[in-house]
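Examining the three-dimensional arrangement
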Amino acid sequence: MIKNIIAFSHQLLRESVQPGDIVIDATAGNGHDTVFLSNLVGENGHVLAFDIQAKAIEAVRMKLTEQHIENTRIIHDSHENVAVYLNEVDRIGGAIFNLGYLPGGDKSIITHGESTIIAVETILELLKNNGVIVLVIYHGHKGGVQEKEAVLQYVKQLDQQKFNALQYGFINQINNPPFIIAIEKK
Ligand SMILES: C[S@@+](CC[C@H](N)C(=O)[O-])C[C@H]1O[C@@H](n2cnc3c(N)ncnc32)[C@H](O)[C@@H]1O
């Protein structure tokens, strides 16, 4: 009945992204969400997949090659520079952030509140109406609490006339379970 965090994050995107959209995987990591988004937008759509780590970029490249995916651009850069990779006229159909460190990778390379918020702000400006940004907030690692608090503080002050902001998570799980913040542009 109640969807887990990954399933609910994908449901939000499945219900808002249309075939042909341009969408963003802001933290490509091992590429699971990149592949999901690529299938959602289809052959006429486009995915921009960002990561700052060479290891992640290589993992995503391998995954896309194996699955013959051609609608995705892998970008070895910080998501805060997302605007550089878009044209002025581009509208974004949706975006996902999985905050924290690369599973199986270097736990000291993490996302940070400041750059995450710059990226979210930029994407919100370019997001289509009824488009959604999903942030999956992992906060059990060193630095995770600071980022969680910064992101929550930023999202809570978004104008309710312009955005719906949602928090979704399990409140009886141990070990700092991840939760979702979703922002829909009205
Ligand atoms: C939790 S992992 C993402 C997992 C991924 N969604 C998957 O399906 O495997 C977070 C990723 O964010 C990347 N990252 C950290 N800071 C970043 C930034 N400023 N811009 C883009 N990626 C960043 C890390 O290198 C790491 O690979």
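Let me begin by describing the structure that accompanies this report. The shown structure was predicted, so the numbers you read here are calculated from the model rather than taken from an experiment.

Focus on the overall build of the protein
The helix and strand tally for the protein stands at five helices and seven strands. Along the protein, helices and strands appear, N-terminal first, in the series α-β-α-β-α-β-β-α-β-α-β-β. Scaling as 2.2 N^0.38, a compact globule of 186 residues should have a C-alpha radius of gyration of about 16 Å, and the protein matches this with 15 Å. In terms of overall dimensions, the protein has a C-alpha envelope of 40 × 40 × 35 Å along the principal axes. Expressed as a percentage of its 186 residues, the buried residues of the protein come to 54%. Of all intrachain contacts in the protein linking residues separated by at least 6 positions in sequence, the fraction that spans at least 24 positions is 73%. Accessible surface for the protein amounts to roughly 9800 Å². Of this, 50% is attributable to carbon and sulfur atoms. Across the protein, 15 positive and 21 negative side-chain charges occur, with their mean positions spaced 6 Å apart.

A closer look at the nonpolar core
Ile24, Phe97, Ile123, Leu124, Ile133, Leu135 and Ile183 are the most contacted members of the largest nonpolar core, which totals 31 residues. Ranked by residue count, the leading element in this core is helix α4 (residues 113-126), at six residues. Aside from chain neighbours lying at most four places away, what touches leucine 135 is Phe97, Leu99, Thr116, Val120, Val151, Phe179, Ile180, Ile181 and Ile183. One finds Val23, Leu40, Val134 and Tyr168 within the second-largest nonpolar core, a separate group that totals 18 residues.

Procedures and definitions
Residues numbered from 1 in each chain as written. Predicted model: local features only at pLDDT ≥ 70, side-chain atom pairs only at ≥ 80, totals over all residues. Heavy atoms only, no water. Helix = DSSP H or I, 4+ residues; strand = E, 2+ residues; numbered from the N terminus. Rg over C-alpha atoms; globule rule 2.2 N^0.38 Å. Buried < 20%, exposed > 50% of the residue type's maximum accessible area, 1.4 Å probe, protein only. Contact = heavy atoms within 4.5 Å. Areas by Shrake-Rupley, 256 points an atom, 1.4 Å probe, with all protein chains shown as cover. Lys, Arg positive; Asp, Glu negative; His and termini not counted. Charge placed at Lys NZ, Arg CZ, Asp CG, Glu CD. Core = buried A, V, L, I, M, F, W, Y, C linked by side-chain atoms within 4.5 Å.

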